[in-house]
Amino acid sequence: MSSSTSLINSAKLAASFQAVDEHLLPSHRFIGIGSGSTVVYVVEAIAAKGPSFYGDMTFVPTGSQSKGLLKAAGLRLCNLDERPVDAHGVPVALDVVFDGADEVDEELNLIKGGGGCLFQEKLVAVAGRKFVAVADSRKQSPRLCTTWKTIPIEVLPLAAPSVLARLRAMGSPSPTVRSGLPSKAGECVTDNGMWIIDAPFAPLLLARDLKPGVDGAGKDGVWEVGKLAEELVRLPGVVEIGLFTGFNGVEAVSLGKEFQAQKPVAAYFGTPTGEVQVQRAT
Ligand SMILES: O=C(CO)[C@H](O)[C@H](O)COP(=O)(O)O
């Protein structure tokens, strides 16, 4: 392993241990666990607390990778649709959800789906009272699509050609269906049997960037995060998008929109020098 890879892994590990220490409480019963290479360290941090801490907890994965991680760590598993329900048939809320991200902007909007698990990741995020993002500091950006230049979009394979055409019309210069190579010939097929389109966009505006005359609705290919998300989810054939935007779990409660929150309340970024920078919702 090169020294830069090992520094990045140490950064992910430090961020994961701090995020788990600060957000996972002994009273928690249902916890969402996302996908990707950083979440490996989140599971390690939870397992390190020992069975007396996590013995009464049940963990909900976002796909086959996180399911495997939880099994290997000996943590109790339950699929999202297997949660107990209350007297009104409403599934129990997840106390906290930990997940990685491909890019995080100044308002804690996220791009996710680099690992192809965005659909279940969003379902799990919105099932939580509180979502915590964990990453290394390469993921921190002023605006989305700055470093991670494409938005992953999960689509029904049958609809891919028309979604590609609509994306081009929206100002995405060269959207492409993600390939499964080098490990699989043909398209990358998600845990849900869908395909992923990676759609490049110019760096996305924040809501606070909108000024008179700039409505962020894609004129000259320049979109504001929320407006682009609204437009993308409406495209026929799109199953889910890798933009996580809107509001966080705390804001959701004050807006009366519980369990619709996609944004994290905080993002933990491990740095190559070993410190952890925490970006919290204001
Ligand atoms: O969204 C994801 C998978 O769909 C991952 O959380 C995201 O790609 C970050 O992965 P990593 O922790 O490996 O950087």
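Parameters at a glance
- Each chain carries its own residue numbering, running from 1 in the direction its sequence is written.
- Per-residue local features are limited, in this predicted model, to residues with pLDDT of at least 70; the limit for side-chain atom pairs, both in listing and counting, is 80 or more; totals at the level of whole chains, interfaces and linings are taken over all residues.
- UniProt positions are given in the numbering used here, feature names are shortened, and annotations may be inferred rather than shown by experiment.
- Strands here mean DSSP runs of E at least two residues long; helices mean DSSP runs of H or I at least four residues long; both are numbered from the N terminus.
- Burial is judged by counting other C-beta atoms within 10 Å of a residue's own C-beta: 20 or more means buried, 12 or fewer means exposed, and anything between counts as partly exposed, with every C-beta placed from the backbone.
- Domain borders in the structure are assigned automatically or taken from a domain database.
- Once C-beta atoms are placed from the backbone, any two residues with those atoms within 7 Å are in contact.
- Values of pLDDT, ranging from 0 to 100, describe the predictor's confidence in every residue of the model.
- Axis lines are fitted through C-alpha atoms, for helices just across the contact stretch, and the angle between N-to-C directions can take any value from 0 to 180 degrees.
- Oblique is the label for every angle not falling under 35 degrees (roughly parallel), over 145 degrees (roughly antiparallel), or within 65 to 115 degrees (roughly perpendicular).
- Left-handed describes a crossing in which the near helix is turned anticlockwise from the far one by less than a right angle; the clockwise case is right-handed.
- Ten residues, namely Ala, Val, Leu, Ile, Met, Phe, Trp, Tyr, Cys and Pro, are considered nonpolar, four, namely Asp, Glu, Lys and Arg, are considered charged, and the remaining ones, Gly among them, are considered polar.
- Pairing between two strands requires that DSSP report at least two bridges joining them.
- Each residue gets a C-beta atom placed from its backbone. If that atom is within 6 Å of a molecule or strand, the residue is near it.
- Defined on buried residues, the nonpolar core groups Ala, Val, Leu, Ile, Met, Phe, Trp, Tyr and Cys residues joined through C-beta atoms within 7 Å.

In the nomenclature of an unreviewed UniProt entry, the protein chain corresponds to Ribose-5-phosphate isomerase from the organism Trichoderma gamsii. According to the UniProt record, the Sequence similarities (unreviewed entry) comment for the protein chain reads "Belongs to the ribose 5-phosphate isomerase family."

Enquirer: How should the environment of Val177 be read in this particular structure?
Expert: Note that Val177 resides in strand E8 (residues 176-177). Owing to 19 C-beta atoms within 10 Å, Val177 belongs among the partly exposed residues under this scheme. Distance from Val177 to Thr38, taken between C-alpha atoms, is 25 Å for residues 139 residues apart in sequence.

Enquirer: Honestly, the domain arrangement of the protein chain in this entry has me stumped. Any pointers?
Expert: The extent of an interface is frequently quoted as the accessible surface area lost upon association of the parts. What the domain assignment reports for the protein chain is domain 1 (3-141 + 245-280) and domain 2 (150-241). Each of domain 1 and domain 2 has a C-alpha centre, and these two points are 24 Å apart. In terms of residue count, the dominant contributor to the side of domain 1 that touches domain 2 is helix H5 (residues 118-126) (4 residues).

Enquirer: Please clarify how helix H2 (residues 39-47) should be interpreted in this entry.
Expert: Most of H2 sits inside the fold, with 7 of its 9 residues counted as buried. Looking at the buried residues of H2, the elements they touch are helix H1 (3-23), strand E1 (30-33), helix H3 (51-54), helix H4 (64-72), strand E3 (96-99) and strand E6 (131-136).

Enquirer: Before we go on, may I ask you to explain the confidence of the model for the protein chain in this structure?
Expert: Close inspection of predicted coordinates is inappropriate in any region flagged by low pLDDT. In this model, the protein chain carries a mean pLDDT of 96, and residues with pLDDT of at least 70 account for 100%. The complex model carries a pTM of 0.97, and its ipTM stands at 0.99.

Enquirer: Can you help me understand the packing of H2 against H4 in this one?
Expert: Where H2 meets H4, the axes come as close as 10 Å, and the angle between the chain directions of the two elements is 25°. The orientation of H2 with respect to H4, classified from their angle, is roughly parallel. Where H2 crosses over H4, the two elements pack in a sense that is right-handed. Where H2 approaches H4, its residues Val39, Val40 and Val43 are matched on the opposing element by Ser66, Leu69 and Leu70. Taken together, the residues of the contact of H2 with H4 break down into 5 nonpolar, 1 polar and no charged.

Enquirer: Is there a simple way to think about the sheet that holds strand E9 (residues 195-200) in this case?
Expert: Strands in a sheet are paired, the pairing made by backbone hydrogen bonds, and the direction either parallel or antiparallel. Across the sheet, 4 strands lie side by side as E8-E9-E7-E10; this open sheet has antiparallel pairing. Looking along the sheet, the strands with just one partner apiece sit at the ends: E8 and strand E10 (238-241). Where E8 lies against E9, 2 bridges are found, and the strand directions are antiparallel. By the bridge assignment for E9, Thr176 is matched with Asp198. Here H5 sits on the sheet and contacts strand E7 (150-155) and E10; the angle it forms with E10, its principal contact strand, is near 65°. Helix H6 (residues 160-169) contacts E7, E8, E9 and E10 of the sheet and is inclined by roughly 10° relative to E9.

Enquirer: So what exactly am I meant to see when it comes to unusual backbone geometry here?
Expert: Both trends apply: most residues other than glycine have a negative phi, and most peptide bonds are in trans. The amide bond that connects Leu181 to the next residue, Pro182, takes the cis arrangement and shows omega of 10°. Here Pro182 lies in the loop between E8 and E9. Positive phi, close to 65°, is recorded for Leu108, a residue that is not glycine. Following the sequence through the fold, Leu108 ends up in the loop between strand E4 (103-104) and strand E5 (110-111). According to the C-beta neighbour criterion, Leu108 is buried, with 22 such atoms within 10 Å. Even without a glycine there, the phi angle at Cys145 is positive, about 70°. We classify Cys145 as buried; it has 23 C-beta atoms within 10 Å.

Enquirer: Please clarify how the site of the ligand should be interpreted in this entry.
Expert: Around the ligand sit 17 residues, and of these Gly36, Thr38, Gly100, Gly114 and Gly115 come closest. A breakdown of the residues in the shell around the ligand according to their chemical character gives 3 nonpolar, 10 polar and 4 charged.

Enquirer: I tried to follow the pairing of E7 on my own but got confused; where do I start?
Expert: Strand residues, when the strand is regular, have side chains that alternate between the two faces of the sheet. Across the 6 residues that make up E7, a large majority, 6, are buried. Because side chains alternate across E7, one face comprises the buried residues Thr150, Pro152 and Glu154, and the other comprises Ile151, Ile153 and Val155, equally buried. Strand direction decides the pairing type here: E7 and E10, joined by 3 bridges, are antiparallel. Residue pairing for E10: Ile153 is matched across the bridge by Ile241.

Enquirer: Just to check I follow, could you spell out the nonpolar core for this structure?
Expert: It is characteristic of soluble globular proteins that their nonpolar side chains tend to be buried jointly. Counting residues in hydrophobic clusters, the biggest one holds 75 residues, and the most contacted among them are Ile33, Val42, Phe98, Ala133, Val134, Ile153 and Ile197. A domain-level breakdown of this core finds at least three residues from each of domain 1 (3-141 + 245-280) and domain 2 (150-241). When neighbours within four sequence positions are excluded, Ile33 is seen to be in contact with Val39, Val42, Val43, Phe59, Val60, Pro61, Thr62, Ser66, Leu70 and Phe98.

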